[in-house]
Amino acid sequence: MKGFGELVRRIGMLFHREQLSKDLEEEMRLHLELRRQQQIEAGVAPNDAGAAAHRRFGNPTLLRERSYIAWGWSWLEGLLQDVLYGLRAMLRSPGITIVALLSLALGIGANTAIFSLMDAVMLRSLPVKDPGQLVLLGTGDEDGIGTSIVDTELYSYPFYRQLQQKNAVFSDVAAVFSMTDDVHGFVLGAEGQAPADSDLMHVKLVSGTYFPLLGVQAQVGRTLTDADDTSEDDHPVVVVSHAFWKHTLASDPNVLDRKLKLGTTIFNIVGVAPREFFGTKVGEAPDMWVPMSMTKSVPPGWDAYKNNFTQSLNLMGRLKPGVTMERATSNVNLLLQQITRGFSDADLSKKNLDKLARTHVPLTPMANGLSSLRREFSEPLRILMAIVALVLLIACANIANLLLARSTTRARELAVRQALGAPRSRIIRQLLTESLILALVGGALGIGFAAIANRLLLRMVSGGLEDLPLDIGLDLRLLGFTLALTVATAILFGTIPAFRATRLHLTDSLKDGRGPSTGTKSLLARSLVASQVALSLVLMVGAGLFLRSLVNLSSLDPGFNRENVLRLQIDSTALGFKDDDPRLRDIFQQIESRVNAIPGVQAASFSAFTFNEGSWNDAVLVAGMPANQDIGVHQNVVGNGYFKVLQIPLLAGRTFGPQDTATSQRVAVISERIAKTLFPPGNPIGRHFHVANNKPENDYEVVGIVKDAKFSSLQEKPKYINYLSYAQRPWRFGDFEVRYTGDFGAIAAAVQSSIHQVDRNLPISNVTTLDEQVARSYTDQRIVAQLSTFFGLLAVFLSAIGIYGLMSYVVSRRTNEIGIRMALGAERMHVRWLVMREILILVAIGIDVGVPAALLANHLVASMLFGLRGNDPLSLFAAVAVMLLIAAFAGYLPAQRASRVDPMVALRYE
Amino acid sequence: MPVTRDDIPPGTLYLLILKTLARHGELHGFEIANSIQQTTEDVLQVEEGSLYPALQRMLIKGWVTAKWGTTAGNRRARYYQLTAAGRKQLVVEVNQFERVMGAIERVIQTA
């Protein structure tokens, strides 16, 4: 511990430096005085005594210096000096400093933020045991509930049980309901009393094997087990998430005594999941998990437990050790055929057998979990990652250029310092320190920026709804990488000139650095600028393409009028009625008529779906036409005012009216496409058809034909849509739409209070406009367009700075030459052109390289483009024009300065 | 870093200071210088000032401690005193010195 004691003493000295140097001073003064007295006593003349004492003592300044060095902190003082000096130097050219810091901050920040999101959505493993062994049946690309002979994505509960028993490749199999049930449930008080207000709860139905398969342990109580999933409807237990426990249950330590009421059933909380566990779907975070056996009790009460052919589950398995994907795939596909054929109620018609024979289930590794986000955002994120990486490159080039330019303007200062005796190493250290300060301050700003950008990005991805539950903590690996990259750039380009400057022709530099210009240095700077131009051009072309694609998309006609429609969601399951209870229908009708009476409201209607909300698909069977089960017709159950609210034009017949009641003939309004392709030639009005199957209660008469409208996305081809009336086909509604004029806020408030006048307990959520809802369907496109435009402009701005910096430098180096030219009679115009020409050559080279690069790069993003191709000439020309314009502008200022050079001043300057 | 111009290498200076302090107990800088000169009967010309950086280094190494006191002439002076580590170091320095001197002597005598 000897070294340690020394360190402690040294640090003590660091903090008492003032005192120590005062002590030393006093000590040395005392010594000199005592010596002088002694000399006088020995008979030396008083005048000489002091000098003699000094002679014997030595050089006090030097001795003091050596004592300080003995304390061992001289390097720190030197560093401090360098830092202060560096800061002063940076503040002397605040423009350069700000630009350098900003480009560093944006480069580092944007990269880190986008990578963090990408990591959360695409790359990170699930927080479960050995996620690498988990595989999913299918690709995870579908959610919903359907009935068909076979489906490669979704499976029925009985199928899951059979697969679990019969397979030879999985150590276990688990099922998870593909959708999340959003329930307005009640948290019962400690004494079991129900509160006045409901809470929105995201409920996930899972098989009892789900938690054991994942190897997830409860932090309080227990997780669900297979024992909770043995018989239908008698296991009212629930495991809540950490977040739900913390926020809704206020981290109640007696959480296991608490109860929840979902629909009409009271559930016991049996456990709390660990903090990091969010389920198996990235971008979703259920509040609770309920055994599949309780599916009928969790609103809306899917009947998905006993039916052999109601497919609604994602299935996942854990591979046994040593089992390959190939073996697992072949085993699963073999069992798929056996199990499906083996069900006693299997409809083994020829068509179904053909379909079954064609079916092949792929297995997907699910170490990273399921995600619909991934489907939507992996390509945009990849594109954005490439964009910000390019921006980082441009920023680095810029910093390199700025540092190069600055070091040349400082060549004289360095030469003076060297001439005054500063050792070379000291000057290099100085420049190194300055570069490091720049890089580190920029890095710190970058981290701050990344933290903000992260939130912003998440908000954008969430598309205006509540933020997606994604863990987007800054990714330290990438942050480290980008920091290292920028610090390396700063050090490299900050100190290369230092080496050069200190080797140098001192005398040249002392002559104000206007000796023979060193060509290599500006060649480096020039190629940096040219590559900046090329990279910016690529980004600009990309931005142009994405912007135009976005405009194309948003100006597409959805087939309905998206303006001036308010839409909200209610949760009718909170009322506790059965689906077909006439009181439910009465409440809906009352709400519609009350809202209709609000001034400013033109029409109001409930509907099962509006836009981009999932679907209920069933076949439409028309007598005399070949039954095509494969065409899933979207079925939409609506109110009488629906077509008026959405302004979907009626082509023939009529829409629903008060004459259509529960007891009258069931009627339907069909879309143009159904009329044209699923009905025989002739007028379909008055014809009858069946939905799903030929049971008599599914018989409908066509009363109207409406124009085609988009249903799921703007890009889709016209879909088959069949509209039914809720007076005849009971439905628990979610969606309510109101066409209005005037102020949205006022109407929204009035609509909500009208709904609550009808029933105070109806939970209302997601109050927004139809326009927003449509816009949300292309959030990915919008994010890419907005961010690529932002970064494209940023890149061009950075390049402009680069051009400006380079040309300013070139002009200042050539002031002398320009002065001579002008003294010899060169015109100002000519001088200006001299400078501008250089810029244009650089930009031309950049564009020359950039255009083919852009064409190549845009080939890669073709799938993200809508209504145009990657080689869209307009985007290309616009980008080139913007680049030229900005370059000309950036170069104009130095050119102007050059042309204003006074020949006499320039010549005398030397 | 400035080049040292000591006639006496720093190592030997430590030895002299350590030994002086070991003999006299508490001394201030001037007394140390005087004592060295008197003992060596002015043979060794020490640049007196170089005592002070050496004392600073010895403080850091923990061989000596210092505290302020008053001189016989009633002036404030910093008195140095050996620590246990300092005493050990003195032995080390003396041994080293004797080893070197012995070696040099042998070279001289064989000549």
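Refer to the structure printed above.
Fair warning: this is a prediction, and the values are worked out from it, not measured in the lab.

Here we look at the overall build of chain A
Working step 1: In terms of helices and strands, chain A carries 27 helices and 25 strands.
Working step 2: Relative to the compact-globule value of 29 Å for 910 residues, chain A shows a C-alpha radius of gyration of 38 Å, a clear excess of over 25%.
Working step 3: Principal-axis analysis of the C-alpha atoms gives chain A an extent of 135 × 80 × 60 Å.
Working step 4: Counting every position in chain A, which comprises 910 residues, the buried fraction comes to 44%.
Working step 5: Look at the contacts in chain A between residues 6 or more apart in sequence, and 83% of them connect residues 24 or more apart.

A word on the overall build of chain B
Working step 1: Looking only at helices and strands, chain B has four helices and three strands in total.
Working step 2: Helices and strands appear in chain B in the N-to-C order α-β-α-α-β-β-α.
Working step 3: Within chain B, buried positions represent 30% of all 111 residues.
Working step 4: Intrachain contacts of chain B at a sequence separation of at least 6 include 51% that bridge at least 24 residues.

Quick word on the interface of chain B and chain A
Working step 1: Taken together, the contacts link 18 residues of chain B with 24 residues of chain A.
Working step 2: The greatest single-element share of the side of chain B that touches chain A, amounting to six residues, is contributed by helix α3 (residues 51-61) of chain B.
Working step 3: Across the side of chain B that touches chain A, the residue classes tally to six nonpolar, five polar and seven charged.

Some words on the environment of Leu 20 of chain A
Working step 1: In this fold, Leu 20 of chain A is placed in helix α2 (residues 17-41).
Working step 2: Distance from Leu 20 of chain A to Tyr 68 of chain A, taken between C-alpha atoms, is 9.3 Å for residues 48 residues apart in sequence.

A word on the environment of Thr 663 of chain A
Residue and element names in this part refer to chain A.
Working step 1: Inspection of the secondary structure puts Thr 663 in the loop between β19 (650-653) and β20 (667-671).
Working step 2: Given 6 C-beta atoms within 10 Å, Thr 663 falls into the exposed group.
Working step 3: In sequence terms Thr 663 and Gln 728 are 65 residues apart; their C-alpha atoms lie 7.7 Å from each other.

A few points about helix α26 (residues 873-899) of chain A
Residues and elements named next belong to chain A.
Working step 1: Taking 1.5 Å of rise per residue, the 27 residues of α26 would be expected to cover 39 Å, and the 37 Å separating its terminal C-alpha atoms lies within 8% of that figure.
Working step 2: A maximum bend of about 35 degrees is found in α26 at Tyr 892, where proline Pro 894 lies one to four positions downstream.
Working step 3: Among the residues of α26, those classed as buried are Ser 875, Leu 876, Ala 879, Met 883, Ile 886, Ala 887, Ala 890, Gly 891, Pro 894, Ala 895, Ala 898 and Ser 899.

Quick notes on the packing of helix α18 (residues 582-596) of chain A against helix α21 (residues 744-758) of chain A
The relative placement of two packed helices comes down to the angle between their axes together with the axis-to-axis distance.
Residues and elements named next belong to chain A.
Working step 1: For the pair α18 and α21, interaxial distance at closest approach is 9 Å and the crossing angle is 145 degrees. Note on packing geometry: the crossing formed by α18 with α21 is right-handed. Here α18 contributes Ile 587, Gln 590, Ile 591, Arg 594 and Val 595 to the contact with α21, which in turn contributes Val 751, Ser 754, Ile 755, Gln 757 and Val 758.
Working step 2: Here the contact of α18 with α21 is built from residues that sort into six nonpolar, three polar and one charged.

Topic: helix α13 (residues 411-419) of chain A
The α-helix advances 3.6 residues per turn, and as a result positions three or four apart in sequence lie on the same side.
All names here are of chain A.
Working step 1: By the burial criterion, the buried members of α13 are Ala 411, Leu 414 and Ala 415. Around the axis of α13, the buried residues are gathered within 100 degrees of arc, so they sit on the same side.
Working step 2: A positive phi of about 110 degrees marks Gly 421, the residue just after α13.

Some remarks on the pairing of strand β3 (residues 170-177) of chain A
Every regular strand shows the same layout, with side chains that alternate between the two sheet faces.
All names here are of chain A.
Working step 1: Most of β3 is tucked away, with six of its eight residues classed as buried.
Working step 2: For β3 and strand β12 (residues 313-319), the ladder comprises seven bridges, and the chain directions are antiparallel. Looking across to β12, one finds that Ala 174 is bridged to Met 316.

Focus on the environment of Ser 554 of chain A
All names here are of chain A.
Working step 1: Residue position: Ser 554 is located in helix α17 (residues 519-554).
Working step 2: Classification of Ser 554 by C-beta neighbours within 10 Å gives partly exposed; the count is 17.
Working step 3: Between the alpha carbons of Ser 554 and Val 774 there is a distance of 8.8 Å; along the sequence they are 220 residues apart.

Some details on the sheet that holds strand β1 (residues 27-28) of chain B
Residue and element names in this part refer to chain B.
Working step 1: As summarised here, the arrangement of the three strands in space is β1-β3-β2, forming an open sheet in which the pairing is antiparallel. The strands lining the two open edges of the sheet, one partner per strand, are β1 and β2 (64-70).
Working step 2: Looking at chain direction, β2 and strand β3 (residues 76-82) are connected through seven bridges and run antiparallel. In the sheet register, Gly 69 faces β3, and the bridge partner there is Ala 77.

About the thresholds
Residues numbered from 1 in each chain as written. Chains lettered and ligands numbered in written order. Predicted model: local features only at pLDDT ≥ 70, side-chain atom pairs only at ≥ 80, totals over all residues. Helix = DSSP H or I, 4+ residues; strand = E, 2+ residues; numbered from the N terminus. Rg over C-alpha atoms; globule rule 2.2 N^0.38 Å. Buried ≥ 20, exposed ≤ 12 C-beta atoms within 10 Å, placed from the backbone. Contact = placed C-beta atoms within 7 Å. Nonpolar A, V, L, I, M, F, W, Y, C, P; charged D, E, K, R; others polar. Expected span 1.5 Å × (residues − 1). Bend = angle between axes of the 7 residues up to and from the residue. Axes fitted to C-alpha atoms, helices over the stretch in contact; angles between N-to-C directions. Left-handed = near helix turned anticlockwise from the far one by under 90°. Arc of directions from axis to C-beta. Pairing = 2+ DSSP bridges.

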